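So you can see what is in the structure, the chains are spelled out below.
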Amino acid sequence: MTKREIIMNIRAAKAAHVRWKSFVQIALRGIITESSKVDIPIVQTECDFGKWYYGDGMALSMLTNFVALEEPHEMVHEMYIQIYTLQKAKLRGGFFTNTKKLLKRRQQEIGLLMANLNDYTKILLGTLHQLEIEVLNMNDDEIKDLFEMNTIPPLT
């Protein structure tokens, strides 16, 4: 694989994450209707970014910035799981509880979780940018070595 192809794959992964996050934001605002419903992967290995990261992207697994992508990616999905769970939970007001207050508290919690999701997204996108720079600074022999290292047959 050439340096250019690697950079294009990293940029495609970045675009995939931005697209996923856009769908999350749209869904959280209730804009998605049954006719425009889009499946938003909850599990980190099922989104397009995750498929790249845990698939073809593994060829870059020896690079520092590639390794640094895993935690913010996990946390983005963790935040989304928490938001999704809160949104789907039924509000249970009791005799002495006010449903409006419960709804307001839930919206505040979702707002905080969404802020965290945005923070982890910034980290993820920044690290992808650093990965691009890391790859751009590699010479052709280092690129070749990187892919040869990842094609070693398993021990039997």
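This write-up is about the structure you can find in this document. (Residues numbered from 1 in each chain as written. Predicted model: local features only at pLDDT ≥ 70, side-chain atom pairs only at ≥ 80, totals over all residues. Heavy atoms only, no water.)

**Here we look at the side chain of T121**
- On the secondary structure map, T121 appears in helix α5 (residues 99–136).
- Owing to a relative accessible area of 5%, T121 belongs among the buried residues under this scheme.
- Among all residues touching T121, those that are not within four sequence positions of it are H17, K21 and V76. (Helix = DSSP H or I, 4+ residues; strand = E, 2+ residues; numbered from the N terminus. Buried < 20%, exposed > 50% of the residue type's maximum accessible area, 1.4 Å probe, protein only. Contact = heavy atoms within 4.5 Å.)

**Thoughts on the pattern of salt bridges**
- Per the stated rule, a full pass over the model turns up three salt bridges.
- R11 serves as the salt-bridge partner of E132, at 2.9 Å between the closest nitrogen and oxygen. In this pair, E132 is assigned in helix α5 and R11 in helix α1 (residues 3–28), connecting sequence segments 121 residues apart.
- Note on R11: relative accessible area 43%, which makes it partly exposed.
- Counted as one network, the salt bridges with shared partners bring together R11, K14 and E132. (Salt bridge = Lys/Arg side-chain N within 4 Å of Asp/Glu carboxyl O.)

**Topic: the packing of aromatic side chains**
- Here the structure, examined in full by the defined rule, presents eight aromatic pairs.
- Plain terms: the ring middles of F49 and Y53 are 6.1 Å apart, the flat faces sit at 15° to each other, and that makes the pair stacked. Residue F49 and its partner Y53 are both found in helix α2 (residues 48–53); the two are separated by four residues, about one turn of the helix. The pair F49 / Y53 is uniform in exposure class, with both members buried.
- Each ring, one from Y53 and one from Y54, has its centre 4.9 Å from the other, and the planes form 85°; the classification is edge-to-face.
- For Y54, a relative accessible area of 29% gives the class partly exposed.
- Taken together, the ring pairs connect F49, W52, Y53, Y54 and F66 into an aromatic cluster. (Phe/Tyr/Trp six-rings, centres within 6.5 Å; stacked < 30°, edge-to-face > 60°.)

**What about a negative patch on the surface?**
- A grouping of D140, D141, E142 and D145 is seen on the molecular surface, where their side chains present a negatively charged patch.
- Tracing the backbone shows D140 in helix α6 (residues 140–149). (Patch = residues over 30% accessible without salt bridge, like charges linked within 9 Å, V, L, I, M, F, W, Y side chains within 5 Å. Areas by Shrake-Rupley, 256 points an atom, 1.4 Å probe, with all protein chains shown as cover. Lys, Arg positive; Asp, Glu negative; His and termini not counted. Charge placed at Lys NZ, Arg CZ, Asp CG, Glu CD.)

**Overview of the side chain of T127**
- Among the secondary structure elements, T127 is positioned in helix α5.
- Residues within four places of T127 in sequence aside, it is in contact with N65, A68 and L69.

**Topic: the environment of K3**
- Note that K3 resides in helix α1.
- When the C-alpha atoms of K3 and N137 are compared, they prove to be 9.8 Å apart, with 134 residues separating the residues in sequence.
- Ignoring sequence-local partners within four residues, the contact set of K3 consists of V135, L136, M138 and I143.
- At 3.0 Å, the side chain of K3 forms a polar contact with the backbone oxygen of L136. (Polar contact = N/O pair within 3.5 Å; in protein donor to acceptor, adjacent residues only side chain to side chain.)

**Considerations on the nonpolar core**
- In this structure, F49, W52, L60, L69 and L131 are the most contacted members of the largest nonpolar core, which totals 34 residues.
- Elements represented by at least two residues in this core include exactly α1, α2, α4 (70–88), α5 and α6.
- Among the elements that take part in this core, α5 stands out by supplying eight residues, more than any other.
- When residues no more than four places from it in sequence are discounted, the contact partners of F49 are A13, A16, H17, L69, H73, L124 and L128. (Core = buried A, V, L, I, M, F, W, Y, C linked by side-chain atoms within 4.5 Å.)

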